[in-house]
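Architecture at a glance
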Amino acid sequence: MNKDDIFRTIQEYTTDVPLLLIGTGASIPVGIHGMPELANYLLDNLDSKYSSDKNWCDISKKLKSGIDLESAMTSYHLDENLLNDIKKLTWKLVTDADLKLFYEKVLFGQDLPLSLLLHKLIQPHPYSIDILTTNYDRYIEYCCDQIGVMIDNRYSGMYLKKTNHHELNKKNVVNLLKVHGSLDSFSDEKTNESISIPLQQNIPNGFIPEIITPGSDKYKAILTSTSREILHNADSLIDKASNFLCIGYGFNDSQIQEKIITKIKAGTPIVVVTKSLTDNALDIINSNSGNYAVIMDGGENKTRFIINKTDITLEGVYWTIDGFNEII
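Below is a summary of the structure that appears in this document.

About the criteria used
Residues numbered from 1 in each chain as written. Predicted model: local features only at pLDDT ≥ 70, side-chain atom pairs only at ≥ 80, totals over all residues. Heavy atoms only, no water. Helix = DSSP H or I, 4+ residues; strand = E, 2+ residues; numbered from the N terminus. Buried < 20%, exposed > 50% of the residue type's maximum accessible area, 1.4 Å probe, protein only. Contact = heavy atoms within 4.5 Å. Phe/Tyr/Trp six-rings, centres within 6.5 Å; stacked < 30°, edge-to-face > 60°. Pairing = 2+ DSSP bridges. Salt bridge = Lys/Arg side-chain N within 4 Å of Asp/Glu carboxyl O. Axes fitted to C-alpha atoms, helices over the stretch in contact; angles between N-to-C directions. Expected span 1.5 Å × (residues − 1). Parallel < 35°, antiparallel > 145°, perpendicular 65-115°, else oblique. Left-handed = near helix turned anticlockwise from the far one by under 90°. Patch = residues over 30% accessible without salt bridge, like charges linked within 9 Å, V, L, I, M, F, W, Y side chains within 5 Å. Areas by Shrake-Rupley, 256 points an atom, 1.4 Å probe, with all protein chains shown as cover.

Comments concerning the environment of Pro-18
Tracing the backbone shows Pro-18 in the loop between helix H1 (3–13) and strand E1 (19–22). Under the relative-accessibility criterion, Pro-18 is labelled buried at 2%. When the C-alpha positions of Pro-18 and Phe-244 are compared, they lie 5.0 Å apart, and in sequence the two are 226 residues distant. Once residues lying within four places of it in the same chain are set aside, the contact partners of Pro-18 are Leu-121, Ile-129, Asp-130, Asn-243, Phe-244 and Leu-245.

Written out as structure tokens, the structure reads:
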């Protein structure tokens, strides 16, 4: 398989507008912090306050030993105060980076890598694209604004946005489902009502960020009305997807990927663009799909392509969003 064959296969797998799955790997290049930075931030801010909390002490010890945040927090059901502090700190860390991106780049019209990709993908009739993301940040929203396309994120209103329950739009829109919540989404501490308040620099008084953080408690959080409805909509999009394009997505979220695995087992093509994949994530794809392309960092100025178990490294950087744009 040569370079032309590789590119042609990837183009075939993305001929129809794909369902996009966007993970933290897409946002990191524009300055949004990833899980390692979040782990260190939590350690710096929680170790002293929760020094007598056995669960946090266990988690802290695991993080300091090099275990990743998701794995370290799995199997622990946290005290509500600790869980809320984790949400607030996570919100603060990501918000600071997100607003820096907004005020330093977005407002000045600096092109963002994802904007061009979305512009390419949304062009065919009916001018619509569906996106699932586990990210809290607003990078996708900023890119949609740059290309001038409307977003349906399941909230309606101007400044105090409430959840809506209408069917997802099928044309002239980006349907954006943030399955782990958004920086703009908050839960009223008294009523538990979900509300979206855009571009806040601080958490409004009386509200908790409505985000689902790593660990065992995220499965409980998924059962809340807002998250459950968004996940139901996500399941519907996965069911009808003709192909998948994953950008910086690490395949460590069972609520989403179980249905994706079912689809790719049945032959639905999947293309994965990322800097790196864990052995487990790569095994999920290798073991379940017969129509796949994985594009990842192959070393200095090189890209590693795995096309249906054929493993080839080529000169050139194609594993970034800008590089992938050159292929399609």
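A look at the packing of aromatic side chains
Summed over the entire model, instances satisfying the criterion amount to seven aromatic pairs. With 6.2 Å between their ring centres and 50 degrees between their planes, Phe-7 and Phe-305 make a pair best called tilted. With a gap of 298 residues between them, Phe-7 in helix H1 and Phe-305 in strand E13 (residues 302–307) connect regions that are remote in the sequence. Across the pair, exposure class does not vary: Phe-7 and Phe-305 are buried alike. Each ring, one from Phe-7 and one from Tyr-318, has its centre 5.2 Å from the other, and the planes form 75 degrees; the classification is edge-to-face. A residue pair is termed long-range when its members are at least 10 positions apart, and Phe-7 in helix H1 and Tyr-318 in the loop between strand E14 (310–315) and helix H13 (321–327) qualify at 311 residues. With respect to burial, Phe-7 and Tyr-318 carry one shared label: buried. Taken together, the ring pairs connect Phe-7, Phe-305 and Tyr-318 into an aromatic cluster.

What to know about the pairing of E14
Sheet topology places E13 next to E14; six bridges connect them, and they run antiparallel. Note on E14: the bridge partner recorded for Ile-306 is Asp-311. Counting the residues in the hairpin turn of E13 and E14 gives two residues, including Asn-308, whose phi is positive at 50 degrees.

A look at the pattern of salt bridges
Inspection of the entire model under this criterion finds 15 salt bridges. Across the salt bridge formed by Lys-49 and Asp-85, the nearest N and O atoms sit 2.7 Å from each other. Highlighted residues: Lys-49 in the loop between helix H3 (35–46) and helix H4 (54–64) and Asp-85 in helix H6 (residues 80–106), separated in sequence by 36 residues. Lys-49 gets classed as exposed once you look at its relative accessible area, which sits at 55%. The salt bridge involving Glu-141 is made with Lys-178; its shortest N-O contact spans 2.8 Å. On the criterion of sequence distance, the pair formed by Glu-141 in helix H8 (residues 139–147) and Lys-178 in strand E6 (residues 173–178) is long-range, its members being 37 residues apart. Across the pair, exposure class does not vary: Glu-141 and Lys-178 are buried alike.

Describing the sheet that holds strand E7 (residues 181–188)
Reading across from one edge, E4-E5-E8-E7-E9 is the order of the five strands in this open sheet, with antiparallel pairing throughout. Across the chains shown, the open sheet's two edge strands, defined by having one partner strand only, are strand E4 (155–156) and strand E9 (207–211). In terms of strand pairing, E7 meets strand E8 (residues 194–196) through three bridges, oriented antiparallel. Following the sheet pairing, Phe-186 is matched in E8 by Ile-195. Across the sheet, H6 is in contact with E7 and E9; its angle to E9 comes to roughly 75 degrees.

Concerning helix H11 (residues 254–265)
Taking 1.5 Å of rise per residue, the 12 residues of H11 would be expected to cover 16 Å, and the 16 Å separating its terminal C-alpha atoms lies within 8% of that figure. Buried within H11 are the following residues: Gln-255, Ile-256, Gln-257, Ile-260, Ile-261, Lys-263 and Ile-264. Immediately beyond the C-terminal end of H11, within one or two residues, lies Gly-267, with a positive phi of roughly 110 degrees.

Structural notes on the sheet that holds strand E3 (residues 151–152)
Taking strand neighbours across the sheet as the criterion, the nine strands line up as E3-E6-E2-E1-E10-E11-E12-E13-E14 in an open arrangement whose pairing is mixed. A single partner strand is all that each edge strand has here, and the edge strands are E3 and E14. In terms of strand pairing, strand E12 (residues 292–297) meets E13 through five bridges, oriented antiparallel. Its bridge partner lying in E13, Asp-297 is registered against Thr-303. Against the sheet, H8 engages E1, strand E2 (128–133), E3 and E6, with an angle of about 175 degrees to E6.

A few points about the packing of helix H7 (residues 113–122) against H8
It is at 9 Å that the axes of H7 and H8 come closest, and there the two elements cross at 60 degrees. As the angle between them shows, H7 and H8 are arranged oblique. For the pair H7 and H8, the crossing hand works out as right-handed. The segment H7 lies against H8, with Pro-113, Leu-114, Ser-115, Leu-118 and His-119 engaging Tyr-139, Ile-140, Cys-143, Cys-144, Gln-146 and Ile-147.

Examining unusual backbone geometry
When glycine is set aside, most residues are seen to have a negative phi, and most peptide bonds are trans. In the Ramachandran plot, Tyr-127 falls in the positive-phi region, its phi being about 60 degrees despite a non-glycine side chain. Looking at Tyr-127, the relative accessible area reads 25%, which means it is partly exposed. Residue Asn-301 is not a glycine yet carries a positive backbone phi of 55 degrees.

Remarks on a nonpolar patch on the surface
Among the surface-exposed residues, Tyr-103, Leu-107 and Phe-108 lie close enough to one another that they form a single nonpolar patch of about 370 Å² accessible area. With respect to the helices and strands, Leu-107 occurs in the loop between H6 and H7.

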